[in-house]
Amino acid sequence: MTQAAVSELDERVPGRRWTVRLDAAGRGSAAVRISCSRPACAEQRLPSAAAGRAAAVAHLKAHLRAAPAPRPGAYCACKLEGCHTHLPDTGRQTRVEPWRCGGPVVLAVITDREGRWWKALECCSRCAAASPGAKTAATSQPPSSQTTGRPAPIATGTSTGGPQFSDHLAAAGTAVPTPRSGPARRRPPQAKIAQRVIPHDLRPVSLRDELIELGNLFRAYQQRTEPDLELLADLQERKARAFTTWADVTCEGALRWEARRAEQAAAATRLQHQQRTGGITDDDGPVVTRLLTVAPQWDHARSVLAYVADHTPLPGPEARLLTLMLTLRTAHTGTGNFIGQDITALGLTDPEELVEKLTGCGWLTLPGTVGDLLASRPENPTPITVPSLVPREDQAGPFTFGKKMRPKLSGWAQKVISDKKLRKAKANAVTRLLALTLATQTNASGRLGPGGQGIDLQALAARVPLDSGELQHLVDQLTHADWLTDAALTDTHLTGQLTERVVPLTCPLRREVQQPSG
């Protein structure tokens, strides 16, 4: 038997095998080279490992497409190397087919975990299954009776009972039926929402369906690349209602607590969405899209007005308005660019004299003369410096906002004082400063003062320096310019409503913020 096995082994054709390797092209370089064990394949060089892996895989796939099907009688290429790990020595008698480990011959692909080499070989299916990471690309056809040397069964006209199966072709040339595989029993997946399992027997069924749908919607929302706060708020509101019903059905207190959390999350998310989009509503008011969209920007605008009211180097409303615009332009670094139109648009009585006073007292520094500043145009702006705003290493600046916030605030102030109807009415600097101040002292719907109750006159005088007798005249000017409506002036307060076209320029007061007294 041993001699017959050896002679049969010699007659077998060795299984094909080839290897594609990926190696570094040299030190200090990201280039790689691809080599194939087949003699006809030339070496390739690529600039990176990623490109090399892609080319190596493509090269191997080309070989697999061009290679013929695995040969049933090929000697197992894996067994040629003595695959003792695949077939350990059990001490049994030598196999009838020593050239095969077990199963049909397949064309297998094996690669290492690091992706440095790919190996294709003809081997037995048992060897392929025992090789970590091996994948079968093709399988040989079952050998016929002439190939195996086994006699084919004799067909008879009568049945001998049940169907007869074997590991070779059945009689009369019919293929061997494959046994039916019973379906694997799997437990149905558990439906969950908020890490809670939804009981399969939860009633009513509509509640269970709602919870399952909400769980799927929340998981789908987590996979989004961009947030949608309005959608998330709707989901939280639905969750609050569903969990409240769930708590009523099961009498579980934790579910009711979870429902309250969902209600709070929905309210917070809705408010965050309104702040991000600039849409702030009253109880019965429409959504307003503002130039400054969120509450922190409104607070920063008020902080600049308050700082200028305390640090204006010259008296009078005209000096305060010019100081305010210069401060907004240089708030972050103490330096900025200004042109003549920025000053002439403020409605100042004598802009040149006022700028000279600011430079004379040292509050403002110019590289040239005041005439050069007033003559400068957008293509050649004048660099200006406010020394008191230049940051120092040992001291923090007067403002907490950053360099991206500064142009937003400056643009907002410029939009207010350059309002078309204010310019058409030829409003002076005092009227424009009052309009700018009123825009920061309203509620969400545009009514003056905290909660729409009006602005305290002492607080208003601290922001806009003027005599009490002038205020009524300025209010009338703003009313004629379609800036203010329903205005009423008492001994202590100014009440009224900013017009609908002006509301987008407002910076609403927070509800908890109280009007300062001076």
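Note that the structure is a prediction, hence the values are computed from the model and not measured.

A few points about the nonpolar core
Soluble globular proteins tend to bury their nonpolar side chains together.
Stage number 1. Within the largest apolar cluster, 67 residues are counted, with the highest numbers of intra-cluster contacts made by L322, L364, W412, L438 and W483.
Stage number 2. Those residues in contact with L438 that lie beyond four places of it in its chain are L448, I455, L460, L478, L484, L494 and L498.
Stage number 3. Ranked by size, the runner-up nonpolar core spans 17 residues in total, among them A191, I193, F243 and W246.

Topic: the state of the cysteines
Linking two cysteines covalently through their sulfur atoms gives a disulfide.
Stage number 1. In the structure shown here, the tally under the stated rule is zero disulfides.
Stage number 2. Just so you know, C36 is unpaired, no disulfide at all, and the nearest cysteine sulfur is the one on C41, 3.8 Å from it.
Stage number 3. Among the cysteines around C76, which has no disulfide bond, C127 carries the closest sulfur, lying 3.7 Å off.

Considering empty space enclosed by the protein
Stage number 1. Throughout the structure, instances matching the rule amount to two cavities of 30 Å³ or more.
Stage number 2. Roughly 50 Å³ of internal volume is contained in the largest cavity.
Stage number 3. Every element with two or more residues in the lining of the largest cavity is listed here: α9 (295-311), α10 (317-330) and α16 (429-438).
Stage number 4. Tallied by class, residues from the lining of the largest cavity come to five nonpolar, one polar and two charged.

Quick word on the sheet that holds strand β17 (residues 493-498)
Stage number 1. Spatially, β15-β17-β16 is the arrangement adopted by the three strands of the open sheet, whose pairing is antiparallel. With one partner strand each, in any of the chains shown, β15 (455-456) and β16 (484-489) form the two edges of the open sheet.
Stage number 2. Where β16 lies against β17, four bridges are found, and the strand directions are antiparallel. Across the sheet, L484 pairs through a bridge with L498, a residue of β17.
Stage number 3. Helix α18 (residues 468-480) rests against β16 and β17 of the sheet, and its axis sits at about 165° to β16.

Examining unusual backbone geometry
Stage number 1. Following R203, the chain continues into P204 via a peptide bond in cis, with omega recorded as 5°.
Stage number 2. Relative to the elements of secondary structure, P204 occurs in the loop between β10 (196-197) and α6 (205-222).
Stage number 3. We note that A194 has phi near 55°; this positive angle belongs to a residue other than glycine.
Stage number 4. Phi is positive for D486, close to 55°, though the residue is something other than glycine.

Some thoughts on the sheet that holds strand β4 (residues 44-46)
Stage number 1. Across the sheet, six strands lie side by side as β4-β3-β2-β7-β6-β8; this open sheet has antiparallel pairing. Among the strands making up the open sheet, the edge pair consists of β4 and β8 (135-139). For this sheet, the mean angle separating the axes of adjacent strands, direction not counted, is 20°.
Stage number 2. Sheet contacts for helix α2 (residues 49-66): β2 (17-24), β3 (32-36), β4, β6 (105-111), β7 (117-124) and β8; angle to β2, the most-contacted strand, approximately 170°.

Considerations on the side chain of T382
Stage number 1. Mapped onto the elements of the fold, T382 is located in strand β14 (residues 382-385).
Stage number 2. Overall, T382 belongs to the buried group, its relative accessible area being 10%.
Stage number 3. Side chain to side chain, T382 and S376 meet in a polar contact 3.3 Å long.
Stage number 4. Aside from chain neighbours lying at most four places away, what touches T382 is G336, N337, F338, P367, D372, L373 and S376.

Some thoughts on α6
Stage number 1. End to end, α6 covers 26 Å across 18 residues, agreeing with the expected 26 Å (1.5 Å per residue, within 8%).
Stage number 2. Restricting attention to buried positions, one finds in α6 the residues L207, R208, L211, L214, G215, F218 and Y221. With its buried residues spanning 150° around the axis, α6 presents them on a single face.
Stage number 3. Buried residues along α6 sit against β9 (192-193) and α7 (229-250).

So, the confidence of the model for the protein
Stage number 1. In the predicted model, the protein carries a mean pLDDT of 80, and 80% of its residues have values of at least 70.
Stage number 2. In the predicted structure, residues 1-9 sits below a pLDDT of 50 and forms seven contacts with residues beyond four places in sequence or in another chain.

Regarding the side chain of T506
Stage number 1. Along the polypeptide, T506 turns up in the segment after β17.
Stage number 2. Looking at T506, the relative accessible area reads 1%, which means it is buried.
Stage number 3. In this structure the side chain of T506 is engaged in a polar contact, spanning 3.1 Å, whose partner is the side chain of R290.
Stage number 4. Residues in contact with T506, not counting those within four places in the same chain, are R290, W298, A439, T442 and L498.

Re α18
Stage number 1. Turning to α18, its buried residues are L471, L474, V475 and L478. One face of α18 carries all of its buried residues, which in axial projection span an arc of 105°. Opposite its buried face, α18 presents the exposed residues G469 and H480, each directed more than 90 degrees away.
Stage number 2. In the core, the buried residues of α18 are packed alongside α15 (420-424), α16, α17 (457-463), β16 and β17.

So, how was this worked out
- Residues numbered from 1 in each chain as written.
- Predicted model: local features only at pLDDT ≥ 70, side-chain atom pairs only at ≥ 80, totals over all residues.
- Heavy atoms only, no water.
- Core = buried A, V, L, I, M, F, W, Y, C linked by side-chain atoms within 4.5 Å.
- Buried < 20%, exposed > 50% of the residue type's maximum accessible area, 1.4 Å probe, protein only.
- Contact = heavy atoms within 4.5 Å.
- Disulfide = S-S within 2.5 Å.
- 1 Å grid on protein atoms, 1.4 Å probe; cavity = no way out; pocket = protein on both sides within 12 Å on 5 of 7 lines; lining within 4 Å.
- Points joined across faces, edges and corners; volume = space filled by probe spheres on them.
- Helix = DSSP H or I, 4+ residues; strand = E, 2+ residues; numbered from the N terminus.
- Nonpolar A, V, L, I, M, F, W, Y, C, P; charged D, E, K, R; others polar.
- Pairing = 2+ DSSP bridges.
- Axes fitted to C-alpha atoms, helices over the stretch in contact; angles between N-to-C directions.
- Polar contact = N/O pair within 3.5 Å; in protein donor to acceptor, adjacent residues only side chain to side chain.
- Expected span 1.5 Å × (residues − 1).
- Arc of directions from axis to C-beta.
- pLDDT = per-residue confidence, 0-100.

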